[in-house]
Amino acid sequence: MPDSRHILGIEGTAWNLSAAVFGDDQVIALHSSPYRPPSGGIHPREAAQHHAGEMKAVISEVLTDPSAIKAVAFSQGPGLGPPCLRTVATAARAIAVSLGGVPPLIGGVNHCVAHVEIGRWACGCDDPIVLYASGANTQVLGYLGSRYRIFGETLDIGMGNGLDKFARSKGGMTHPGGPQIEALAREGGTPISLPYTVKGGMDLAFSGGVVSAAQEAQASLEDVCAGLQETAFSMCVEVTERALAHSGKDEVLLVGGVGANGRLQEMLRTMCAERGATFYVPERRFIGDNGAMIAYTGALMLAAGQTLPPLAESAVNPGYRSDEVMVAGGIAVPMRPMPWLM
Ligand code: AMP
Ligand code: MG
């Protein structure tokens, strides 16, 4: 008889402490508590303190029936290593131990792969080229030979971090800056021209554009925001299009918090229409960091027989790359973390 019990997933690699219960091919519960820095950007230790303080409330909200949980999954990396990752891993271990069972802890959910998997599930797409554009990460990925290969990625900062840094450089914009830049850019007339940096055809760099935008003293803030968006998004669309052409795939999936941006979605949709590809973007609650992506990917891993012995191999991995994960037929199967990691 199939086991209809559910997976609890916990995410907290950066700004969002979020937990979800996934089972019977649906998100049964999802609850989040975002960390909002009073000033400046995300401070790792303060974010971890926020996560620790909110953990009980967030988990309690989704864990209404502990007897229905067959496994606990958590985000192992990449992320704000030690403080945030450890806080979440410690909570996951404690819950797994308290629930008992054989072996209840699924470690090793790779945060980036989880973004891709929940996006595929939510959109019903099969084998996409993925633009994963978030705060700390910006990658163009595609499944090839049992892994999500990184066709191109940022060589300096993540696109979201770049937008947030620019916003902080202009008084009056609080963290996160992305949505405010989007609103201002919509009012903009002529986007200013900024450094456009695609390296080797596939890799990206955002810091030059961000610094130039921050130093711009003549143009209106609206025009600078529009220029920053047009430049950074065009770079991403160019690399995504090249990955699509090289791989021969015919789907594009947009995930990560910056994916909420209507202009980025519009630019990718246009590129896909011109190439005869289909564009997908998941609903808002599954775009940025969320617990459902961890619970769902945990469910895939459990179905593939992947669990970690409780405690022994559940070390966090701040530098865990998406292409380290073996992915078989849509099932995310993690490689073991390196022994030196905490
Ligand atoms: P994530 O780490 O995937 O949750 O993404 C967080 C990032 O998404 C932050 O850097 C935000 O500024 C950015 N973000 C959220 N909404 C938008 C938006 N509408 N436009 C651009 N960036 C956004
Ligand atoms: Mg993320």
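Predicted model only: the values in this text are computed from it and were never measured.

Colleague: What am I meant to see in the site of ligand 1 here?
Modeller: The full set close to ligand 1 counts 19 residues, and Trp 15, Ser 134, Asp 164, Glu 182 and Gly 257 are the nearest of them. Residue Asp 289 places a main-chain N or O atom 3.1 Å away from an oxygen atom belonging to ligand 1. When the free accessible area of ligand 1 is taken as 510 Å², the share hidden by the protein chains comes to 92%. For the shell around ligand 1, the secondary-structure elements that each account for two or more residues are helix 4 (159-169) and helix 5 (178-187). In terms of residue class, the shell around ligand 1 is built from six nonpolar, ten polar and three charged. Both domains that furnish three or more residues to the shell around ligand 1 are identified here as domain 1 (6-115 + 286-334) and domain 2 (125-284).

Colleague: Looking at this model, I keep getting lost on the packing of helix 4 against helix 6 (residues 207-215). Mind explaining?
Modeller: Any two packed helices are characterised by how steeply their axes cross, that is the angle between the axes, and by the distance between the axes. Axis separation between helix 4 and helix 6 bottoms out at 9 Å; the angle between their running directions is 15°. One element, helix 4, and the other, helix 6, form an angle in the roughly parallel class. Regarding helix 4 and helix 6, the two cross each other, and that crossing is right-handed. Along the contact surface, helix 4 presents Gly 162, Lys 165, Phe 166 and Ser 169, while helix 6 presents Val 210, Ala 213 and Ala 214. Partitioning the contact of helix 4 with helix 6 into residue classes produces four nonpolar, two polar and one charged.

Reading the values: the criteria
Residues numbered from 1 in each chain as written. Chains lettered and ligands numbered in written order. Predicted model: local features only at pLDDT ≥ 70, side-chain atom pairs only at ≥ 80, totals over all residues. Heavy atoms only, no water. Near = heavy atom within 4 Å. Polar contact = N/O pair within 3.5 Å; in protein donor to acceptor, adjacent residues only side chain to side chain. Areas by Shrake-Rupley, 256 points an atom, 1.4 Å probe, with all protein chains shown as cover. Helix = DSSP H or I, 4+ residues; strand = E, 2+ residues; numbered from the N terminus. Nonpolar A, V, L, I, M, F, W, Y, C, P; charged D, E, K, R; others polar. Domains from an automatic or database assignment. Axes fitted to C-alpha atoms, helices over the stretch in contact; angles between N-to-C directions. Parallel < 35°, antiparallel > 145°, perpendicular 65-115°, else oblique. Left-handed = near helix turned anticlockwise from the far one by under 90°. Contact = heavy atoms within 4.5 Å.

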